[in-house]
Amino acid sequence: MIPAGFEYHRPADLASAIGLLQDHGDEARVVAGGHSLIPMMKLRMTDLGHLVDLQDIGELRGIAIGAGHVTIGAMTSQHDLIADDRLAAVLPIIREASLQIADPQVRYMGTIGGNVANGDPGNDMPGLMQCLNASYDLAGPDGTRQVAARGFYQAAYFTAREDDEILTRIVIPVPAAGTGHAYVKQKRKIGDYATAAAAVLVGTTSASVAMTNLSDTPVWSEAAGKALAAGDTEGCVAAILAAIDPQEDMRGPVEFKRHVAAVVLRRAIDSALARRT
Amino acid sequence: MNDQSNTPEDRSTRLKGMGCSRKRVEDVRFTQGKGNYVDDIRMDGMLFGDFVRSPYAHARVVSIDSAAAMKVPGVLAVITAKELEPLGLHWMPTLAGDKQMVLADGKVLFQGQEVAFVVATDRYAASDGVAAVEVEYDELPVVVDPFKALEPDAPVLREDLAGQTTGAHGPRRHHNHIFTWEVGDKEATEAVLAGADVVAEEMVYYHRTHPSPLETCGCVASMDKVNGKLTVWGTFQAPHAVRTVASLISGIAEHNIRIISPDIGGGFGNKVGVYPGYICAIVASIVTGKPVKWVESRMDNLMATAFARDYWMKGRIAATKAGKITGLWCHTTADHGGFDACADPSKFPAGFMNICTGSYDIPVAYLAVDGVYTNKAPGGVAYRCSFRVTEAAYFIERMIEVLAIRLGMDAAELRRINFIRKDQFPYQSALGWEYDSGDYHTAWDKALKAVGYDALRAEQAQRLADFKAGKTRRLIGIGLAHFTEIVGAGPVKNCDILGLGMFDSCEIRIHPTGSAIARLGTISQGQGHATTFAQIIASEIGIPADDITLEEGDTDTAPYGLGTYGSRSTPVAGAATAMAARKIRAKAQMIAAYLLEVHDDDVEFDVDRFAVKGAPERFKTMKEIAFAAYNQAIPGLEPGLEAVSYYDPPNMTYPFGAYICVMEIDVDTGEHEIRMFYALDDCGTRINPMIIEGQVHGGATEGYAIAMGQEIAYDEMGNHKTATLMDFFIPTSWETPHYTTDHTVTPSPHHPIGAKGVGESPNVGSVPAFSNAVHDAFRPFGLVHSHMPHDHWRVWKIARDLGLHG
Ligand SMILES: Cc1cc2nc3c(=O)[nH]c(=O)nc-3n(C[C@H](O)[C@H](O)[C@H](O)COP(=O)(O)OP(=O)(O)OC[C@H]3O[C@@H](n4cnc5c(N)ncnc54)[C@H](O)[C@@H]3O)c2cc1C
């Protein structure tokens, strides 16, 4: 379990980091918490010449709660998301979901930016961000652009981010007061990725639903949200079942995953409705 | 010190002898990270070795090109079978009488098989070297199913055995067949089955899993070319046997080999066998003259070193209408992988599978086991059990449940009416064992009462009614198990490994000031030997356990023994410890009598001293006696106070227990929650109750993992699907159930202190308890049997197949 050799860089500002990515092209990759990337390097599934560590770039860290939006720096750890009471007050679903990711050791290291940029269908944050209609700030050589989470994921490990772009911030609109929320995840044990997970927001006139690890990208379905907003739970479930495309793995066969996806979603809906005020 | 003011009870308490929950002396260093494991060993100039492993399950090795690897900075050598062949080390004998490739000799038989050994100055260079070795393979058809492996046109796996119609255990009837082992009376059993009121039949599969100890396997081999001495530090559960085997296969004289097992981070059978890594590290050290370290990664461990179980057990059990069992028949198909590398006593190719009559008085029985080669990793070790006892216990405890269903009986009652009665011990089993002692009815009744069995059944019935009424989606399962183990291998007359009798040993030296060192032929891997064996000595000779150092694992200093596995340490080495202590006590008695100026028979042992009979105020403490042994010339006695005992047990010991699991099952997701797990163990005399409890917690947690999710799985192509801890289930504290422990005490009549061994009981007993709970939850809907592991999707599938998803 030893990675191939690589060059380690630790820039102190964003511009230098982007410069390093430009210099080394696809030979370079940024590392945040390292808890997705380093296992892949140790398995020698990812072979890199240059690793650009983002941890000294202070501007990438922190949580700002604004009137209509919450802004989270990419290098904010999952632990910090859980610990922040102001964040929990406006977006309680983030704490609920984060507590179901991995274990405390991983969450001290793993960052929200790494989790959403990684592109692994097993990651919980991408589905959650789609449910919340978040957008990502991507900084590159030509400046910064914003991409909606709902348009970011193309296939497993393929995203709208260019190789020389760094995801700097995540901007999340604060849901209307009284919106009910739930993040429900079935997994085999602590530290496992989801067999199926559902993120649900339901207000009085709108709803949003996204699923995790049931396709090669997170699955957000507009139709599912509309059905739920109209009070049609089964219509919502049917729309999700039409959108997911799970694969068999050690967690179980496709038929099982489809069944569990529906069960998990119904439970999330029940819980979100119960919390709606 | 005024000794007389102390009651014998006070003095006894101070000894911290048998029965005391003395804190584990090992934990001071383990909990501070100060253990000394193989990977902690660092030596000047030490090199590292790592394997190139096969990506294929069955393939010809066309060529191995090391040129690029040799150019990697730091890489010193790439060893292949070609280099080992002149030394006769490209193959090695297995403990099961088969042979195994050390490095791929023309072909590979399982994914992860060792193909080449790269030696480098550090592990980073070794790893880069491994990546640079180019191997060309020619894929061959793969067979991972043992039944398909026995079909006439199945691919030939072991071409080296072509034409060999006899193996180490008798005739081979097919090119992938290893042995057939038969025990019991086939004809009589089949006659009983033919005429029985009721016969229940089932195929019970105990899936392939892995001991997966926290510390993986590894070694450091160091050949000292000046004095010709080879020292090997390794994760060895049987260091003395390793020395002998190493001498036999290398030709190095046994006195020139020193094997040291340092601290070991769990073994569970995984560290009994001899692995290619040991041989390659030794050869590399001999060639380079430098110490060479080899340590497995977690993936290496899960893919290549010994797995456990993988037994397909077809059973038939006959009974009267009233539920009295009249006969048991079992045919097992044993999947051994590419080589037969089980670690069983030589005469038992399927271990003690013939304990499969369990705790029941079954008048006639028959067992046949067929060993089969497949394209999977070799092994078949006793994962925290005594040589297939776990398979046997799972088999009979499932068959009892299946029979209860056929009879429409409560499974607790069915067990009760079939238990061997207390007055039947020693009991001769139909498959050839003499159970030394037991009191199953007492244990069973105590267990049922402790859990409130009748109330649980009532609650379960209510839940079922609620489920049927649509009020809940959760069912309750009550899992019962009563297991009987057979441990402490074993009597030299029928137990040996590679011809080495399975006795064990202890040597005790009392120092002049009354403290002591004891050395044993066993080796702790976390069991707490340094704690418990000192307690045996403390009680036997009356010096405080805290004043006794215990040492194991260095073949240059410890007496010869067969090591630690199969719960044999307390039954065999523990007995040797008591016997050695008694030799010392006998000499101490003579010294005391001399000092007190009375006849030997006029003094008696009193906790920590010898006192004149009838005059307890006239005594010599063991401390005084020890000093006298070193500074007085005592007529007729040699100076010194030490003894050694080699103990050949007259019989095995038969620990038993009653385990009950209450489980809630979510029918829609297949998830479960363990509401209660009650474990009653009878391991005879209890040396350290706290350690027993710890062993029960650990073993039951392994059992929980195995029953509820842990497996080694392969796809049709022989690709290993569970080589990381993401997919190979090891519970965290979150998943681990809460345990309630209890006990009865039925001492072994033939063991010097009546102890039976407990380390493995909880793994043996808990697997059927967990599995039976799952089955019990679905019994009202017609489930008879469903294979483990009962992970979410398989439990979900039970519910779906029974139509419970609407
Ligand atoms: C045992 C275990 C269990 C886990 N279980 C879960 C789970 O249940 N759910 C879950 O969601 N996750 C899980 N994870 C993953 C964990 O949450 C990771 O930490 C997270 O996915 C990645 O965050 P990171 O900061 O560690 O990213 P890294 O591993 O450092 O990076 C991941 C990828 O994202 C890229 N990247 C990182 N930051 C940026 C950035 N700012 N801009 C552009 N690209 C970037 C990297 O180049 C890399 O390709 C688990 C991890 C482990 C080890």
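For clarity, every value in this text was computed on a predicted model and none was experimentally measured.

Reading the values: the criteria
- Residues numbered from 1 in each chain as written.
- Chains lettered and ligands numbered in written order.
- Predicted model: local features only at pLDDT ≥ 70, side-chain atom pairs only at ≥ 80, totals over all residues.
- Heavy atoms only, no water.
- Helix = DSSP H or I, 4+ residues; strand = E, 2+ residues; numbered from the N terminus.
- Buried < 20%, exposed > 50% of the residue type's maximum accessible area, 1.4 Å probe, protein only.
- Contact = heavy atoms within 4.5 Å.
- Core = buried A, V, L, I, M, F, W, Y, C linked by side-chain atoms within 4.5 Å.
- Pairing = 2+ DSSP bridges.
- Axes fitted to C-alpha atoms, helices over the stretch in contact; angles between N-to-C directions.
- Near = heavy atom within 4 Å.
- Polar contact = N/O pair within 3.5 Å; in protein donor to acceptor, adjacent residues only side chain to side chain.
- Nonpolar A, V, L, I, M, F, W, Y, C, P; charged D, E, K, R; others polar.
- Patch = residues over 30% accessible without salt bridge, like charges linked within 9 Å, V, L, I, M, F, W, Y side chains within 5 Å.
- Areas by Shrake-Rupley, 256 points an atom, 1.4 Å probe, with all protein chains shown as cover.
- Salt bridge = Lys/Arg side-chain N within 4 Å of Asp/Glu carboxyl O.
- Phe/Tyr/Trp six-rings, centres within 6.5 Å; stacked < 30°, edge-to-face > 60°.
- Right-handed = clockwise from strand over helix to strand, strands pointing away.
- Lys, Arg positive; Asp, Glu negative; His and termini not counted.
- Charge placed at Lys NZ, Arg CZ, Asp CG, Glu CD.
- Domains from an automatic or database assignment.
- Buried area = accessible area lost by both parts, 1.4 Å probe.

Caption draft 1: Local environment of the overall build of chain A. Counting its regular elements, chain A contains 11 helices and 14 strands. Its C-alpha atoms give chain A principal-axis dimensions of about 55 × 45 × 30 Å. The buried share of chain A, reckoned over its 277 residues, is 55%. Across chain A, the fraction of contacts at a sequence separation of at least 24, relative to all contacts at a separation of at least 6, is 60%.

Caption draft 2: Region of interest: the nonpolar core. Residues and elements named next belong to chain B. Formed by 184 residues in total, the largest nonpolar core has its most connected members in F352, M353 and F778. In terms of residues, this core owes the most to one element, helix α11 (residues 389-407), which gives 12 residues. If we ignore the near neighbours within four places in the chain, the residues touching M353 are Y311, M313, C330, T332, L367, V369, F387, R388, E391, A392 and F395. Core analysis: the next-biggest nonpolar cluster, separate from the first, contains 48 residues, A593, L596, M622 and L641 among them.

Caption draft 3: Structural context of helix α5 (residues 123-132) of chain B. Turning to α5(B), its buried residues number three or more, namely B:A125, B:A126, B:S127, B:G129, B:V130 and B:A132. Check the buried side of α5(B) and you find it contacts β1 (47-53), β2 (59-65), α3 (67-71), β3 (75-79), β7 (114-120) and β8 (134-139) of chain B.

Caption draft 4: Structural view of the sheet that holds strand β34 (residues 672-682) of chain B. All names here are of chain B. The 4 strands are arranged β23-β33-β34-β35 in an open sheet whose pairing can be described as mixed. The outermost strands of the open sheet, each flanked by one partner alone, are β23 (474-484) and β35 (740-743). When strand polarity is set aside, the average angle formed by the axes of neighbouring strands in this sheet is 15°. Where β23 meets strand β33 (residues 656-666), 11 bridges bridge the pair, whose relative direction is antiparallel. Residue pairing for β33: R474 is matched across the bridge by D666.

Caption draft 5: Just the site of the ligand, in detail. All names here are of chain A. Surrounding the ligand, one finds 30 residues, the nearest of these being V30, G33, G34, T111 and D124. The contact in question runs from an oxygen atom of the ligand to an N or O atom on the backbone of G34, over 2.7 Å. In this structure, an oxygen atom belonging to the ligand sits 2.7 Å away from a main-chain N or O atom of L37. Considering each element in turn, the shell around the ligand owes the most residues, 4 residues, to helix α7 (residues 112-118). Considered class by class, the residues forming the shell around the ligand number 13 nonpolar, 12 polar and 5 charged.

Caption draft 6: Expanded view of a nonpolar patch on the surface. Residues and elements named next belong to chain A. On the surface, M1, L43 and M45 cluster together into a nonpolar patch covering about 290 Å² of accessible area. Its place among the elements puts M45 in the loop between α2 (37-42) and β3 (50-53). On the basis of relative accessibility, which here comes to 59%, the residue M45 falls in the exposed class.

Caption draft 7: Broad picture of the packing of aromatic side chains. Residue and element names in this part refer to chain B. Counted under the stated rule, the structure contains 38 aromatic pairs over all chains. For the pair W181 and F348, a centre-to-centre distance of 6.1 Å together with 70° between the ring planes defines the contact as edge-to-face. Taken together, the positions of W181 in strand β11 (residues 177-184) and F348 in the loop between β18 (325-337) and β19 (365-373) put the pair 167 residues apart, joining distant regions of the chain. Residue classification places W181 among the buried positions, given a relative accessible area of 12%. Relative accessible area serves as the criterion here: at 8%, F348 is assigned to the buried category.

Caption draft 8: Summary view of the interface of chain A and chain B. On the side of chain B, 30 residues touch chain A, which itself brings 24 residues to the contact. Counting across the chain A and chain B interface gives 4 salt bridges. A salt bridge links B:D727 to A:R188, with the nearest nitrogen and oxygen atoms 2.9 Å apart. At the junction of chain A and chain B, the tally comes to 10 residue pairs in polar contact (both at pLDDT 80 or more). The leading source of residues in the side of chain A that touches chain B is helix α11 (residues 254-275) of chain A, at 6 residues. Grouping the amino acids of the side of chain A that touches chain B by side-chain chemistry returns 12 nonpolar, 4 polar and 8 charged.

Caption draft 9: Spotlight on the pairing of strand β14 (residues 229-234) of chain B. All names here are of chain B. Counting buried positions along β14 yields 6 of 6 residues, so the element is predominantly enclosed. Direction of pairing for strand β13 (residues 218-224) relative to β14: antiparallel, over a ladder of 6 bridges. Each bridged residue has a counterpart across the sheet, and for V220 the counterpart in β14 is W233. Where β13 folds back on β14, the antiparallel hairpin that results is connected by 4 residues, among which G228 adopts a positive phi of roughly 70°. By the bridge criterion, 4 bridges tie β14 to strand β15 (residues 257-260) in an arrangement that is parallel. Each residue of the ladder has a partner; that of V232, found in β15, is I259. On the question of chirality, the crossover connecting β14 to the parallel β15 by way of helix α8 (residues 239-250) is right-handed.

Caption draft 10: Geometry of a negative patch on the surface. On the surface, a cluster of negative charge is contributed by A:D26, A:E27, A:D47, A:E162 and A:D163. The residue A:D163 is located in the loop between β9 (158-159) and β10 (166-173) in this model.

Caption draft 11: Quick look at the domain arrangement of chain A. Taken as a whole, chain A is organised into domain 1 (7-52), domain 2 (60-173) and domain 3 (180-275). Computed from C-alpha coordinates alone, the two centres of domain 1 of chain A and domain 3 of chain A are separated by 33 Å.

Caption draft 12: Region of interest: the sheet that holds strand β13 (residues 207-212) of chain A. Residue and element names in this part refer to chain A. Spatial ordering of the open sheet is given by β11-β12-β13-β14, a layout of 4 strands whose pairing is antiparallel. If you trace the sheet from one side to the other, it starts and ends with β11 (180-186) and β14 (219-220), each paired once. Relative to β13, strand β12 (residues 196-202) runs antiparallel, the two being bridged by 6 bridges. Residue pairing in the sheet places L201 in a bridge with S208 of β13. The strands touched by helix α9 (residues 222-229) within the sheet are β12, β13 and β14, with β13 carrying the most contacts at an inclination of about 135°.

Caption draft 13: Structural view of the domain arrangement of chain B. All names here are of chain B. Examined at the domain level, chain B breaks down into domain 1 (8-35 + 504-647), domain 2 (43-140 + 217-295) and domain 3 (307-489 + 652-801). Using only C-alpha atoms to locate each centre, domain 2 and domain 3 end up separated by 37 Å. If you look at the interface, domain 2 gives 20 residues, while domain 3 gives 22 residues. Counting each side, the surface lost to burial between domain 2 and domain 3 is near 1,600 Å², with a carbon and sulfur contribution of 58%. Linking domain 2 with domain 3 are 8 residue pairs in polar contact (both at pLDDT 80 or more). Among the elements that line the side of domain 2 that touches domain 3, the one with the most residues is strand β5 (residues 99-101), at 3 residues. Of the residues contributing to the side of domain 2 that touches domain 3, the split by class is 10 nonpolar, 7 polar and 3 charged.

Caption draft 14: How the structure looks around the pattern of salt bridges. This structure, assessed with the given rule, holds 75 salt bridges over all chains. Residues A:R95 and A:D85 are paired through a salt bridge, measuring 2.7 Å at the closest nitrogen-oxygen approach. Placement of A:R95 in helix α5 (residues 92-98) and of A:D85 in helix α4 (residues 85-90) is noted, with a sequence separation of 10 residues between them. Close ionic contact of B:E215 with B:K271 constitutes a salt bridge, the shortest N to O distance being 3.0 Å. With B:E215 in the loop between β12 (198-209) and β13 and B:K271 in the loop between β15 and α9 (276-288), the pair connects residues that are 56 residues apart, well separated along the chain. Side by side, B:E215 and B:K271 carry an identical accessibility label, which is buried. Among the charged side chains, a network of salt bridges with common partners joins A:R188, A:D192, A:D249, A:R251, A:K257 and B:D727.

Caption draft 15: Just the environment of B:N763, in detail. All names here are of chain B. Examined against the element boundaries, N763 turns out to sit in helix α19 (residues 761-778). Of the residues examined, N763 reaches a relative accessible area of 0% and is grouped as buried. Put simply, N763 and R384 are 379 residues apart on the chain and 6.5 Å apart in space, counted from C-alpha to C-alpha. If we ignore the near neighbours within four places in the chain, the residues touching N763 are Y206, R309, Y383, R384, T390, G699, A700, E702, G703 and I706.

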